[in-house]
Amino acid sequence: MTASGTYDGQWVHRFHPTDDSEFRLVCFPHAGGSASYYYGLSEALAPELDTLVVQYPGRQDRRAEGCVENLAELADLVHAALRRCDDGRPTVFFGHSMGSVLAFEVARRHQEDAGAPPVRLVASGYPAPSLLRGGTVHRRDDAGIVEELLAVGGTDPVYLENAHLRASILFAVRGDYTAIETHPRATGVRLDCPITMLVGTDDPHTTVPEAEAWREHTTAEFALHVFQGGHFYLDEHSAAVAGIITDAARGATLPV
C-alpha cells in the first residue's frame, strides 16, 4: 500500500487501513460515482472493518482513462484486482445501484474460479440481476443526462453548473450507464453466500418487489431492509446502513 492510500495500484482505495480487523469490506460505487463517495462509510466502520473501495476508470485520479462500458469486462478487471490484494480475511461486498450488480458479478467470478465468494453480499438500490430493466439514459444528450442526475439525486447541483466539472461528471455517468443498461439479465444464477438487500421506498430505479427478487440469487439466507427515501436514501440513513453492514459482517460466519 502506498502513502496515498491506494491499494493494488489504481483499482482499489483504502482510506482507513485497519490490518488487525477480522473482516474486510469491499465497496462498489454507483454509476458515475467514485471511491471518495464511501470515505465517510469507511471512517464510520473503522477499525472494526478494513474498507477497500473500488475506483472505476474515467473519474478522479483515473479521469484520463476511458470508462469501461461493458459490465462483464469491468467485473473481470475488478475481480482480478481484488484477487491480487486478497489477504485471506473474510470479505463482505457492498454495492449501491450499478455497484450492486457489479458486486454480484464479481462475487460470481470469485465463486467460479476459486470456490470462495464473499462471506456476504450487501446490495442496495437496484433490481435483482434477473430483473434488470435495461434503459436508454446513456443515449441521451447532455441535458438529458443532467435531468436524470437531478431526478435521482446523489450529485450536488452546484457541480453541474460548472462546465468543466459537468463535462467530467457526464463522461463517467454516460460510460457507467452504458455498462449497466446494456448488461443482460442473469437468470438462474445464485451465490453460495447470504445476501442482504437495502432499498428506498421512493426509489425510481427499484421497487420493493424488484429488491425482494434478490432472494432468488442466493442459496443461503436473505434479508431485506426498506428505508424511507429515494435512490440515495443511504445519505440520510448512513448510520443505519453502517450498522447493517457491521451486523452482516459479524453474522457472516454463523450457520445459516
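The preceding data block contains the structure.
Residues numbered from 1 in each chain as written. Predicted model: local features only at pLDDT ≥ 70, side-chain atom pairs only at ≥ 80, totals over all residues. Heavy atoms only, no water.

Asker: Help me out: how do you make sense of the layout of surface pockets in this one?
Answerer: Any empty space left between the atoms is revealed when a probe the size of a water molecule rolls over them. What the largest pocket holds in volume is close to 860 Å³. Taken together, 41 residues form the lining of the largest pocket, with Gly32, Gly33, Thr155, Ile169 and Val173 sitting closest to its centre. Going through the elements one at a time, α4 (142-152) and α6 (163-181) are the ones with two or more residues in the lining of the largest pocket. The dominant element in the lining of the largest pocket, judged by the number of residues it contributes, is α6, at 10 residues. When grouped by side-chain class, the residues that make up the lining of the largest pocket number 18 nonpolar, 17 polar and 6 charged. (1 Å grid on protein atoms, 1.4 Å probe; cavity = no way out; pocket = protein on both sides within 12 Å on 5 of 7 lines; lining within 4 Å. Points joined across faces, edges and corners; volume = space filled by probe spheres on them. Helix = DSSP H or I, 4+ residues; strand = E, 2+ residues; numbered from the N terminus. Nonpolar A, V, L, I, M, F, W, Y, C, P; charged D, E, K, R; others polar.)

Asker: Looking at this structure, how should I read the pattern of salt bridges?
Answerer: If charged atoms from side chains of opposite charge come close, those side chains can pair. Tallied over the full model, the rule gives 20 salt bridges. Linking Arg133 and Glu210 is a salt bridge whose minimum nitrogen-to-oxygen distance equals 2.6 Å. Here Glu210 lies in helix α7 (residues 208-212) and Arg133 lies in the loop between β6 (120-124) and α4, a separation of 77 residues in the sequence. The class of Glu210 is buried, set by a relative accessible area of 14%. Salt bridges sharing partners connect three or more residues here, namely Arg14, Asp19, Arg24, Asp50, Asp87 and Arg89. (Salt bridge = Lys/Arg side-chain N within 4 Å of Asp/Glu carboxyl O. Buried < 20%, exposed > 50% of the residue type's maximum accessible area, 1.4 Å probe, protein only.)

Asker: For this particular structure, what's the right way to read the nonpolar core?
Answerer: One recurring pattern in soluble globular proteins is that nonpolar side chains are buried together. Ranked by internal contacts, the top residues of the largest apolar core, which has 50 residues, are Phe28, Val78, Leu82, Phe93, Leu102, Leu121 and Trp214. Mapped onto this core, the elements with two or more residues apiece are β3 (23-28), β4 (49-54), α2 (71-84), α3 (98-114), β6, α4, α6 and β7 (195-200). Excluding anything up to four places from it in sequence, Phe93 contacts Leu25, Val26, Phe28, Leu82, Ala103, Val106, Ala107, His110, Pro118, Arg120, Leu121 and Val122. Grouped together as the second largest cluster of nonpolar side chains are 24 residues, Tyr38, Val92, Leu198 and Ala248 included. (Core = buried A, V, L, I, M, F, W, Y, C linked by side-chain atoms within 4.5 Å. Contact = heavy atoms within 4.5 Å.)

Asker: Explain the environment of Pro118 here, please?
Answerer: Along the chain, Pro118 falls in the loop between α3 and β6. Since its relative accessible area comes to 5%, Pro118 is described here as buried. Between the C-alpha atoms of Pro118 and Glu210, which are 92 residues apart in sequence, the distance is 23 Å.

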